[in-house]
2 protein chains.
Amino acid sequence: MRKVYNFSAGPGMLPEEVMVTAKEEMLDWHGTGSSIMELGHRGLDFATIIKETEADLRELMNIPRNYKVLFVTGGATAQFAMVPMNLMSDKKRADYVVTGVWGKKAMEEAMRFGDIEMAAQSAHRNHLLAAPLQEEWDLRDGIDYIHYVANETIDGLEFNFVPNITEVPLVCDMSSMILSRPVDVSKYGLIYAGAQKNMGQAGITVVIIRDDLIKTPVFLTPTLYQYQTHAVHHSLYNTPPTYSWYMLGLVLKWVKRHGGIPAFYEINKRKAKKLYDTIDASHGFYECRIHPSSRSLMNVIFGLPTDELDDLFVSEAAKQGLTNLKGHRAVGGIRASIYNAMPEAGVDALVKFMQEFAAKYAKG
Amino acid sequence: MRKVYNFSAGPGMLPEEVMVTAKEEMLDWHGTGSSIMELGHRGLDFATIIKETEADLRELMNIPRNYKVLFVTGGATAQFAMVPMNLMSDKKRADYVVTGVWGKKAMEEAMRFGDIEMAAQSAHRNHLLAAPLQEEWDLRDGIDYIHYVANETIDGLEFNFVPNITEVPLVCDMSSMILSRPVDVSKYGLIYAGAQKNMGQAGITVVIIRDDLIKTPVFLTPTLYQYQTHAVHHSLYNTPPTYSWYMLGLVLKWVKRHGGIPAFYEINKRKAKKLYDTIDASHGFYECRIHPSSRSLMNVIFGLPTDELDDLFVSEAAKQGLTNLKGHRAVGGIRASIYNAMPEAGVDALVKFMQEFAAKYAKG
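Residues numbered from 1 in each chain as written. Chains lettered and ligands numbered in written order. Predicted model: local features only at pLDDT ≥ 70, side-chain atom pairs only at ≥ 80, totals over all residues. Heavy atoms only, no water.

Here we look at the packing of aromatic side chains
This structure, assessed with the given rule, holds 46 aromatic pairs over all chains. Ring centres 4.9 Å apart and planes at 50° place the aromatic pair Trp-254 of chain B and Phe-264 of chain B in the tilted group. Note that Trp-254 of chain B is positioned in helix H6 (residues 242–257) and Phe-264 of chain B in helix H7 (residues 260–280), a separation of ten residues in sequence. The pair formed by Trp-254 of chain B and Phe-264 of chain B is uniform in burial state, with each residue classed as buried. Connected via pairs of aromatic rings, a cluster forms that spans Phe-285, Tyr-286, Phe-302, Phe-313, Phe-353, Phe-357 and Tyr-361 of chain A. Sitting over the face of the ring of Tyr-237 of chain B, Lys-105 of chain A holds its NZ or CZ atom 4.6 Å from the ring centroid. (Phe/Tyr/Trp six-rings, centres within 6.5 Å; stacked < 30°, edge-to-face > 60°. Helix = DSSP H or I, 4+ residues; strand = E, 2+ residues; numbered from the N terminus. Buried < 20%, exposed > 50% of the residue type's maximum accessible area, 1.4 Å probe, protein only. Lys NZ or Arg CZ within 6 Å of the ring centre and 35° of its normal.)

This is the structure in structure tokens:
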């Protein structure tokens with residue numbers, strides 16, 4: 001067992017079992033005498049990775065047959081442009097729901113391509129920030145799609161419901177919560193997720209797209225930015241990031257081995273509850289500004305009474321093997337990212353540290 | 001030592017020393033208790049990789065100070081679009097020299113964005129295919145840049161000279177020959193190379209661009225497709241492919257340890273000569289259609305008298321641990337890719353196999 005619990009928001013901690021396998025196979029993948037990263041992407045060896053990765057993801061997420069699964073590069077940031085470039089019709093009109101930094105970034109990139117409005121945003125409820133209820137979404141007529149971010153990694157705010165939108169394609173950035181809880185894929189037109197938070201390492205992005213949304217863009221779009229390129233060529237139009245794909249495959253098999261998404265959802269709820277309960281029981285020493293209805297299961301964000309205590313918390317925790325707890329530079333404070341790969345024992349260790357730290361530094 | 005010599009064209013063989021280091025550091029990079037792929041791209045740990053990778057590449061290639069080094073995703077195929085999108089002025093005019101499959105692909109993508117002409121192409125000289133001499137390049141007035149591919153991986157054809165173009169920016173795809181021979185970077189406006197052939201694993205692309213060519217595109221260009229985005233944000237606008245970056249860094253240090261580019265150039269010439277000499281001494285059993293002046297040092301391509309013998313050659317070689325010798329589906333035959341990471345002993349083993357195979361199957 002490794003000695004460190006790494007709470008990095010992404011690239012983030014990967015499952016111990018996956019890392020051990022990756023290490024074992026590094027010099028000789030399945031008797032080939034080569035690492036998988038040294039093998040051609042069109043060879044028979046890599047073909048097994050391609051096939052099994054898609055099959056495993058389809059099984060885990062119960063992806064309907066009329067959806068394509070694409071493996072691309074560029075992370076969610078590339079999707080911020082690919083979504084409008086590919087999904088906009090001549091109308092070039094779409095609405096965005098914004099609950100944090102990433103939703104805003106996605107919207108700003110889309111604004112370069114068309115007529116974009118914000119349909120809803122996070123708002124205060126009992127002085128705490130909450131995701132807008134669906135009845136608060138103000139969608140315009142004639143939009144090409146509606147976009148939202150299921151979990152805001154930096155803000156620690158997550159939707160606790162899947163919107164029920166039937167008129168237009170629902171597009172969702174699931175980068176930081178994919179595989180963490182059950183999701184009804186059929187409610188969506190397009191789902192995308194960078195792998196480096198809850199599915200693997202950086203460099204590969206999964207796109208799940210309903211067949212009928214794959215079409216020739218109305219914009220002058222680079223070949224690699226067209227979903228149809230990747231759909232027609234089965235994500236092999238050019239050399240894909242093979243090792244990132246391999247790691248993604250190992251993580252999916254690990255999720256399957258441990259009970260699939262429902263099993264992780266139960267653990268994730270328990271892990272998050274332990275941290276939020278610790279915060280809530282701290283008499284204000286730890287403060288979380290997110291309304292209980294919208295608290296993220298993946299990124300638990302809280303602050304201490306002063307910036308100095310924030311810093312001391314981060315450095316003292318690191319000494320005990322609880323690393324990378326510093327909040328994002330945009331919001332400060334503490335961020336504990338507890339993706340699927342974070343064992344419950346890691347959360348228990350953090351809870352214990354939080355209690356001891358509060359006992360020592362809270363004014364009594 | 002591994003038992004296999006892997007002649008894959010890319011993703012290709014990586015240096016034994018590099019793979020051993022990657023394996024050793026997989027579960028604990030430099031005492032962090034985490035793999036480098038589990039650490040944030042903005043943290044102090046990864047910062048050392050960013051800094052050293054650029055410094056090592058600058059030192060190895062003697063990159064002048066007025067050039068930026070960018071690390072991006074999408075491989076050379078993304079560059080096929082990024083080059084015209086970023087380098088074209090309102091004139092939208094550029095010329096391409098085409099000596100193989102990749103040069104043609106680059107030109108076809110550029111044609112979507114502007115007025116493109118082929119300035120020169122490979123031609124027969126003594127019934128063998130050769131790269132066009134520079135005096136044969138027919139450049140138009142008022143072009144924004146001229147593009148060529150230094151080594152055509154599929155065709156086995158390589159330029160043995162650096163063009164001397166002073167009027168317009170010279171743009172070059174060096175994906176399959178970067179670090180294999182000395183190159184005067186100051187002759188170029190822009191150089192790009194996917195890492196997965198001679199610099200590392202798939203997923204990361206190096207762009208070396210002269211400062212004055214970094215400007216706001218005239219096209220509606222996705223944020224990640226703008227060189228200025230990566231220049232301003234030091235290749236950290238979004239999450240980069242961190243592990244590919246790390247592997248690239250290990251390869252660069254390995255090249256430095258073993259004498260730098262001049263040392264590899266000497267070995268590469270010797271390795272290629274051994275194979276071409278074996279072909280030329282086979283009385284036509286092995287045939288190479290590339291003129292001696294343009295024979296690639298990196299991808300040695302040849303054919304046997306029949307397709308059946310090609311296939312038999314590939315399968316018999318694999319039994320002896322000489323793997324992935326099958327030619328690209330576009331041209332058939334045999335392709336021996338002998339990048340920097342291929343030890344001379346691997347080439348010697350292939351020469352021995354070629355001689356034995358010819359002795360057995362050549363009609364006597």
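Some thoughts on the sheet that holds strand E11 (residues 190–194) of chain B
Residues and elements named next belong to chain B. Taken together, seven strands build an open sheet; the order of strands is E2-E12-E11-E10-E7-E3-E4 and the sheet is mixed. Bordering the open sheet on either side are strand E2 (67–72) and strand E4 (115–121), each of which pairs with just one other strand. When the angles between neighbouring strand axes are averaged without regard to direction, this sheet yields 20°. Pairing of strand E10 (residues 170–173) with E11 involves three bridges; the strand directions are parallel. Bridge assignment links Cys-172 to a residue of E11, and that residue is Ile-191. Against the sheet, helix H4 (residues 101–111) makes contact with strand E3 (93–98), E4 and strand E7 (146–149), and its axis sits at roughly 165° relative to E3, the strand it touches most. (Pairing = 2+ DSSP bridges. Axes fitted to C-alpha atoms, helices over the stretch in contact; angles between N-to-C directions. Contact = heavy atoms within 4.5 Å.)

A look at the environment of Asn-6 of chain B
Secondary-structure assignment places Asn-6 of chain B in strand E1 (residues 5–6). Expressed as a C-alpha distance, the spacing of Asn-6 of chain B and Phe-71 of chain B, which sit 65 residues apart in the sequence, is 27 Å. Setting aside residues no more than four positions away along its own chain, Asn-6 of chain B makes contact with Ser-34, Glu-38 and Leu-39 of chain A together with Gly-12, Met-13, Thr-323, Asn-324 and Met-342 of chain B. Here Glu-38 of chain A takes part through its backbone oxygen, which lies 2.9 Å from a polar atom of the side chain of Asn-6 of chain B. (Polar contact = N/O pair within 3.5 Å; in protein donor to acceptor, adjacent residues only side chain to side chain.)

Things to note about the side chain of Asn-6 of chain A
The class of Asn-6 of chain A is buried, set by a relative accessible area of 2%. Among all residues touching Asn-6 of chain A, those that are not within four sequence positions of it are Gly-12, Met-13, Thr-323, Asn-324 and Met-342 of chain A together with Ser-34, Glu-38 and Leu-39 of chain B.

Quick word on the sheet that holds strand E4 (residues 115–121) of chain A
Residue and element names in this part refer to chain A. What the seven strands build is an open sheet, ordered E2-E12-E11-E10-E7-E3-E4; its pairing is mixed. Every other strand in the sheet has two partners, leaving strand E2 (67–72) and E4 as the edge strands with one partner each. Strand after strand, the sheet turns through a mean of 20° between neighbouring axes, direction not considered. By the bridge criterion, five bridges tie strand E11 (residues 190–194) to strand E12 (residues 205–210) in an arrangement that is antiparallel. Across the sheet, residue Tyr-192 finds its bridge partner in E12, namely Val-207.

Description of the packing of helix H3 (residues 75–87) of chain A against helix H4 (residues 101–111) of chain A
Residue and element names in this part refer to chain A. Relative orientation of the contacting elements H3 and H4 amounts to 45°, with a least axis distance of 8 Å. Classified by the angle their axes make, H3 and H4 are oblique. In this structure, the crossing between H3 and H4 has a hand that is right-handed. Facing Phe-80, Ala-81 and Pro-84 of H3, the residues of H4 in contact are Trp-102, Lys-105, Ala-106, Glu-109 and Ala-110. In terms of residue class, the contact of H3 with H4 is built from six nonpolar, no polar and two charged. (Parallel < 35°, antiparallel > 145°, perpendicular 65-115°, else oblique. Left-handed = near helix turned anticlockwise from the far one by under 90°. Nonpolar A, V, L, I, M, F, W, Y, C, P; charged D, E, K, R; others polar.)

A short note on the pairing of strand E15 (residues 334–337) of chain B
Residues and elements named next belong to chain B. Side chains Ile-334 and Ala-336 project from E15 onto one buried face, and the interleaved Arg-335 and Ser-337 project onto a second face that is buried too. Bridge analysis of strand E13 (residues 299–302) against E15 gives four bridges, and the strand direction is antiparallel. In the strand pairing of E15, Val-300 is matched with Ala-336.

Some details on the interface of chain B and chain A
Across the contact, 58 residues belong to chain B and 58 residues belong to chain A. Summed over both sides, the interface between chain B and chain A buries roughly 4700 Å², with carbon and sulfur atoms accounting for 58% of that surface. Taken as a group, Lys-23, Leu-27 and Glu-38 of chain B account for 14% of the area that chain B buries against chain A, more than any other trio of residues on that side. Linking chain B to chain A there are zero salt bridges. Remark: the boundary between chain B and chain A carries 14 residue pairs in polar contact (both at pLDDT 80 or more). Among the elements of the structure, helix H1 (16–24), helix H3 (75–87), H4 and H6 of chain B are those that each provide at least two residues to the side of chain B that touches chain A. It is H1 of chain B that contributes the most residues to the side of chain B that touches chain A, five residues altogether. Per-class residue counts for the side of chain B that touches chain A are 26 nonpolar, 23 polar and nine charged. (Buried area = accessible area lost by both parts, 1.4 Å probe. Salt bridge = Lys/Arg side-chain N within 4 Å of Asp/Glu carboxyl O.)

Things to note about the environment of Arg-125 of chain B
All names here are of chain B. Secondary-structure assignment places Arg-125 in strand E5 (residues 123–125). Among the residues examined, Arg-125 registers a relative accessible area of 27% and is labelled partly exposed. Counting along the chain gives 166 residues from Arg-125 to His-291, while the straight-line C-alpha distance between them is 6.9 Å. Excluding its chain neighbours within four sequence positions, the residues that come into contact with Arg-125 are Ala-130, Ala-131, Leu-133, His-291 and Ser-293. Within polar-contact distance, the side chain of Arg-125 engages the backbone oxygen of Ala-131 at 3.1 Å.

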